[in-house]
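Each chain, letter by letter, is given below.
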Amino acid sequence: MQDHRKLKGQKMQNFNIKEVKILPLDIKLINEVLNIENELKIHILSKENILKELNNQTFFYFVAIYHDEVIGYISLSLIYDIEIESIVVKKKYQRLGIGTLLIDYILHFATIHKINNIYLEVRKSNFPAISLYKKKGFLEVSIRKNYYDNSEDALILKKSQ
């Protein structure tokens, strides 16, 4: 059996975040996005919803691509403010800065489009994500009690530009 710590160390040594591209989701990559969710055993998106939302002017999907591999994505809705709907990164690329790169992309997107507020929701137990969001200037504005299926609370965070 291989030592996963050793493999992760090798992956980190070879990984160059400067080679990651953030691009709008191309319809041909939808299955790759869904495969990431399957790998992580989460179900946020469906193919039908993505297809419907890609034709809607208020929804946006961006993918992180590294050497022709989709390694993460971020989805958001935009009406007057941005609401980040989901940020997902492949397991082997987690904790390598991909989430930060996706958040930074959306912060830049907000600046270009003159959007003042960005909101997101996160599980109260998702300490790594909460740490990232707070590092990026998000502040807790509300709690949704017993929001998730397991009765876990959701934190609502906001960043004003």
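Refer to the preceding data block for the structure.
Predicted model only: the values in this text are computed from it and were never measured.

**Q** In this structure, what is going on with the nonpolar core? I would like to understand it.
**A** Proteins that are soluble and globular tend to have nonpolar side chains buried together. Grouped together as the largest cluster of nonpolar side chains are 33 residues, with contacts concentrated most on Ile 82, Ile 84, Ile 98 and Tyr 133. Elements with a contribution of two residues or more to this core: β1 (20-24), β2 (59-66), β3 (69-78), β4 (82-89), α4 (98-112), β5 (117-123), α5 (127-135) and β7 (154-160). Among the elements that take part in this core, α4 stands out by supplying seven residues, more than any other. The residues contacting Tyr 133, other than those within four sequence positions of it, are Ile 87, Ile 103, Leu 120, Val 122, Phe 138 and Leu 157. Grouped together as the second largest cluster of nonpolar side chains are 14 residues, Leu 34, Tyr 61, Val 70 and Tyr 73 included.

**Q** What is the right way to read the pairing of β3 from this model?
**A** Remember that side chains alternate between the two faces of the sheet whenever the strand is regular. Counting buried positions along β3 yields 10 of 10 residues, so the element is predominantly enclosed. Bridge count for β2 against β3 is eight bridges, and the pairing is antiparallel. In the sheet register, Phe 60 faces β3, and the bridge partner there is Leu 76. If you look at the hairpin formed by β2 and β3, you'll find two residues sitting between the two strands, and His 67 has a positive phi there, around 50 degrees. Two strands pair when backbone bridges link them, and β3 and β4 are joined in this way by seven bridges, in the antiparallel orientation. Across the sheet, the residue bridging to Leu 76 is Ile 84, located in β4. The hairpin formed by β3 and β4 contains three residues between the paired strands.

**Q** Sorry if this is basic, but what is going on with the packing of aromatic side chains here?
**A** Note on aromatic pairs: each is described by the distance of the centres and the angle between the planes. According to the stated counting rule, one finds nine aromatic pairs in the structure shown. Within the aromatic cluster, the residues linked to one another by ring pairs are Phe 60, Phe 62, Tyr 105 and Phe 109. A cation over an aromatic ring shows up here: Arg 123 above the ring of Tyr 148, its NZ or CZ 3.9 Å from the ring centre. In this structure, Arg 144 packs its charged tip against the face of Tyr 147, placed 5.3 Å from the ring centre.

What counts and how
- Counting of residues starts from 1 at the beginning of each chain's written sequence and follows it residue by residue.
- Residue-level local features of this predicted model are given only where pLDDT is at least 70; pairs of side-chain atoms are given and counted only at 80 or more, and the full residue set underlies all totals for whole chains, interfaces and linings.
- Hydrogens and water are ignored here; the side-chain numbers use all heavy atoms of the structure.
- Nine residue types can take part in a nonpolar core, namely buried Ala, Val, Leu, Ile, Met, Phe, Trp, Tyr and Cys, and a core is a set of them joined through side-chain atoms within 4.5 Å.
- Burial classification: accessible surface area is computed with a 1.4 Å probe over protein chains only, and a residue below 20% of its type maximum counts as buried, one above 50% as exposed, and the rest as partly exposed.
- Put simply, DSSP H or I for four residues or longer makes a helix, DSSP E for two residues or longer makes a strand, and each gets a number counted from the N terminus.
- In what follows, residue pairs with any heavy atoms lying within 4.5 Å of each other are defined as contacts.
- Pairing between strands is defined by DSSP: at least two bridges between them are needed.
- In this scheme Phe, Tyr and Trp rings, the latter by its six-membered ring, pair at centre separations within 6.5 Å, and the angle between planes marks the pair as stacked below 30 degrees, edge-to-face above 60, and tilted otherwise.
- As a reminder, the over-ring test applies to NZ of lysine and CZ of arginine, requiring each to be within 6 Å of the ring centre and within 35 degrees of the ring normal.

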